[in-house]
Amino acid sequence: MAQKRQREEGKPADASAGERQPGSGSKATLGQQTSHIKNKLVRAELYAKLKHKQKKQKKVERKKRDAEAARAEELGLEPPPKKQQKTLENTREKDVTMVEEGDEEVALDEADDEFAAHFARQREPKVLVTTCFKPSKAMFTFLTEMLEVLPCAEYYKRQGFPLKKVVGFAAGRDYSDLLVFNEDRKEVNGLLHVHLPDGPTAHYRISSLVLGQDIKGHGRPSSHRPELVLNGFGTRLGRRVGRMLGSLFHQEPQFRGRRVATFHNQRDFIFFRHHRYIFEEKESKAEAAQPGRPKTAVVARMQELGPRFTLKLQSLQKGTFDSKYGEFEWVHKKEMDTSRRRFHL
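Here's what I pulled together on the structure shown here. Computed from a predicted structure; not experimentally measured. (Residues numbered from 1 in each chain as written. Predicted model: local features only at pLDDT ≥ 70, side-chain atom pairs only at ≥ 80, totals over all residues. Heavy atoms only, no water.)

1. Brief notes about the overall build of the protein
- Counting its secondary structure elements, the protein contains 10 helices and 11 strands.
- Evaluated residue by residue, the protein yields a buried proportion of 34% over its 345 residues.
- In the protein, the share of contacts with a sequence separation of at least 24, taken over all contacts with a separation of at least 6, comes to 67%.
- Accessible surface, the protein: about 22700 Å² in total, of which carbon and sulfur atoms supply 50%. (Helix = DSSP H or I, 4+ residues; strand = E, 2+ residues; numbered from the N terminus. Buried < 20%, exposed > 50% of the residue type's maximum accessible area, 1.4 Å probe, protein only. Contact = heavy atoms within 4.5 Å. Areas by Shrake-Rupley, 256 points an atom, 1.4 Å probe, with all protein chains shown as cover.)

2. Section: the nonpolar core
- Core analysis: the largest hydrophobic core is formed by 36 residues, its most contacted members being Phe 142, Phe 181, Tyr 204, Val 241 and Ile 270.
- For this core, the leading source of residues is helix α7 (residues 137–149), giving 5 residues.
- The residues touching Phe 142, leaving out its near neighbours within four places in the chain, are Phe 181, Val 188, Leu 209, Leu 211, Pro 307 and Phe 309. (Core = buried A, V, L, I, M, F, W, Y, C linked by side-chain atoms within 4.5 Å.)

3. A short note on the packing of aromatic side chains
- A complete count under the given rule lists 7 aromatic pairs for this structure.
- With a centroid separation of 6.1 Å and an interplanar angle of 85 degrees, the aromatic rings of Phe 140 and Tyr 155 are classed as edge-to-face. With Phe 140 in helix α7 and Tyr 155 in strand β2 (residues 153–155), the pair connects residues that are 15 residues apart, well separated along the chain.
- Classification of Phe 140 as partly exposed rests on a relative accessible area of 37%.
- Taken together, Phe 142, Phe 181, Phe 249, Phe 263, Phe 272 and Phe 309 form an aromatic cluster joined through their ring pairs.
- One cation-aromatic arrangement involves Arg 158 over Phe 133; the distance from NZ or CZ to the ring centre is 4.3 Å.
- The residue whose ring lies beneath Lys 312 is Phe 269, and the NZ or CZ to ring-centre distance is 4.4 Å. (Phe/Tyr/Trp six-rings, centres within 6.5 Å; stacked < 30°, edge-to-face > 60°. Lys NZ or Arg CZ within 6 Å of the ring centre and 35° of its normal.)

4. Description of empty space enclosed by the protein
- Tallied over the full model, the rule gives 3 cavities of 30 Å³ or more.
- Roughly 90 Å³ of internal volume is contained in the largest cavity.
- The wall of the largest cavity is formed by Met 146, Leu 150, Leu 179, Phe 181, Leu 191, Leu 245, Leu 248, Phe 249, Phe 263, Phe 272, Phe 309 and Leu 311.
- Contributions of two or more residues to the lining of the largest cavity are made by β3 (177–184) and β10 (308–317). (1 Å grid on protein atoms, 1.4 Å probe; cavity = no way out; pocket = protein on both sides within 12 Å on 5 of 7 lines; lining within 4 Å. Points joined across faces, edges and corners; volume = space filled by probe spheres on them.)

5. Thoughts on the pairing of β3
- Within β3, 6 of the 8 residues are buried, which leaves it mostly tucked inside the rest of the structure.
- By the bridge criterion, 8 bridges tie β3 to strand β4 (residues 187–195) in an arrangement that is antiparallel. For Leu 179, the partnering residue across the bridge sits in β4 and is His 193.
- Here β3 hands over to β4 after 2 residues, with Arg 185 in that stretch at a positive phi of 55 degrees. (Pairing = 2+ DSSP bridges.)

6. So, the pairing of strand β7 (residues 259–266)
- In terms of burial, β7 is largely enclosed, as 6 of its 8 residues are buried.
- What joins strand β6 (residues 227–231) to β7 is helix α9 (residues 236–246), and the crossover it makes is left-handed.
- Across 8 bridges, β7 lies against strand β8 (residues 269–283) in antiparallel orientation. Residue pairing across strands places Val 260 opposite His 275, the latter belonging to β8. (Right-handed = clockwise from strand over helix to strand, strands pointing away.)

7. Some details on a positive patch on the surface
- A surface patch of positive charge is lined by Lys 51, Lys 55, Lys 58, Lys 59, Arg 62, Lys 63, Arg 65, Lys 83, Lys 86, Arg 340 and Arg 341.
- Structurally, the position occupied by Lys 51 is in helix α4 (residues 40–75). (Patch = residues over 30% accessible without salt bridge, like charges linked within 9 Å, V, L, I, M, F, W, Y side chains within 5 Å. Salt bridge = Lys/Arg side-chain N within 4 Å of Asp/Glu carboxyl O. Lys, Arg positive; Asp, Glu negative; His and termini not counted. Charge placed at Lys NZ, Arg CZ, Asp CG, Glu CD.)

8. Focus: α9
- With 9 of 11 residues buried, α9 is to be regarded as a mostly interior element.
- Leu 237, Gly 238, Arg 240, Val 241, Gly 242, Arg 243, Met 244, Leu 245 and Gly 246 are the residues of α9 that are buried.

9. Considering the environment of Pro 226
- Along the chain, Pro 226 turns up in the loop between β5 (201–210) and β6.
- For Pro 226, the residues in contact, after removing those within four places along its chain, are Val 149, Pro 151, Phe 249, Pro 253, Arg 259 and Ala 261.

10. Re unusual backbone geometry
- The residue after Leu 196, namely Pro 197, is reached through a cis peptide bond having omega 5 degrees.
- Positionally, Pro 197 belongs in the loop between β4 and β5.
- Going from Gly 306 to Pro 307, the amide bond is cis rather than trans, its omega being 0 degrees.
- Locating Pro 307 in the fold gives a position in the loop between β9 (296–304) and β10.
- Phi angles above zero are rare outside glycine, and Gln 159 is one such case at about 55 degrees.
- Given the relative accessible area of 57%, Gln 159 is considered exposed.
- Phi at Ser 208 takes a positive value of approximately 55 degrees, unusual for a residue other than glycine.
- Considering the arrangement of structural elements, one finds Ser 208 in strand β5.
- Relative accessible area serves as the criterion here: at 54%, Ser 208 is assigned to the exposed category.

11. A look at a nonpolar patch on the surface
- A cluster of nonpolar residues, Tyr 277, Phe 279, Val 298 and Met 302, forms a patch on the protein surface that exposes about 420 Å² of accessible area.
- The set of elements that each furnish at least two residues to the nonpolar patch consists of β8 and β9.

Below is the structure:
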């Protein structure tokens, strides 16, 4: 009878319904506070009351923050810090391999890794691009745009050669990297990147591919060397992958071409974008209202050139490609996906 009376009054039946026990984590959600009620109508009624109370409390807190900010502005003081919105990125689980800025151990390792000669500008990038055994027309259209992204790349037909022979061929002709694109049912779906002559080898899954010709308002790239932007590679594995992708581009970009190639890592998905800066003169309304000042201003915008696609790292192998005896530095497994807030790059 006591529990029935509590349900009718909209109160939890026990302490565990309203709040979690000490040491169990954060405060219980509205669903957890009402899940103990078996009667659907009573449960929905209590949930609506709690939701209304929560909205009312948030409104009071928001008005209080706005009043504090307005008062600080009147007094010429620094406004209180804004409440940071929670996202998967800023609430990610801490990784022991995260690299802090100025880490001497990481700097020493990178000064002597496989990409050190490239970043020291002692070796120019020279990329060999090839495909699977029977590429389709869609693959050739994609390769045409990728060869424009990488001015240092050359295409060779696969001609039925196994990958080990292709790797040996590229290494013997002083190529710095080998890119092998794969497709399934006339859709580009994979990339094997071999850094020469000693590796490593990275295997990616390609998704969300959009060719430049299918992008509204796209432009055509020039032959200038693009500037490279790498974002979000924070762990030891991420920095290694970022340096491997960076080794495909020259360290001395030609800024006159205003081209930018971007690899942006977010939640272990690497988004590739290819843009051009455009500077235009537009009428400035604020300056036009004041006499003696110019009526135009230079405005910068970005024009996408394409292609755009997303990479997902599947494995990183030591040395060059070896499917039988290869030793892997990292392999993605389903057992690793235990939390939405755990990332590896």
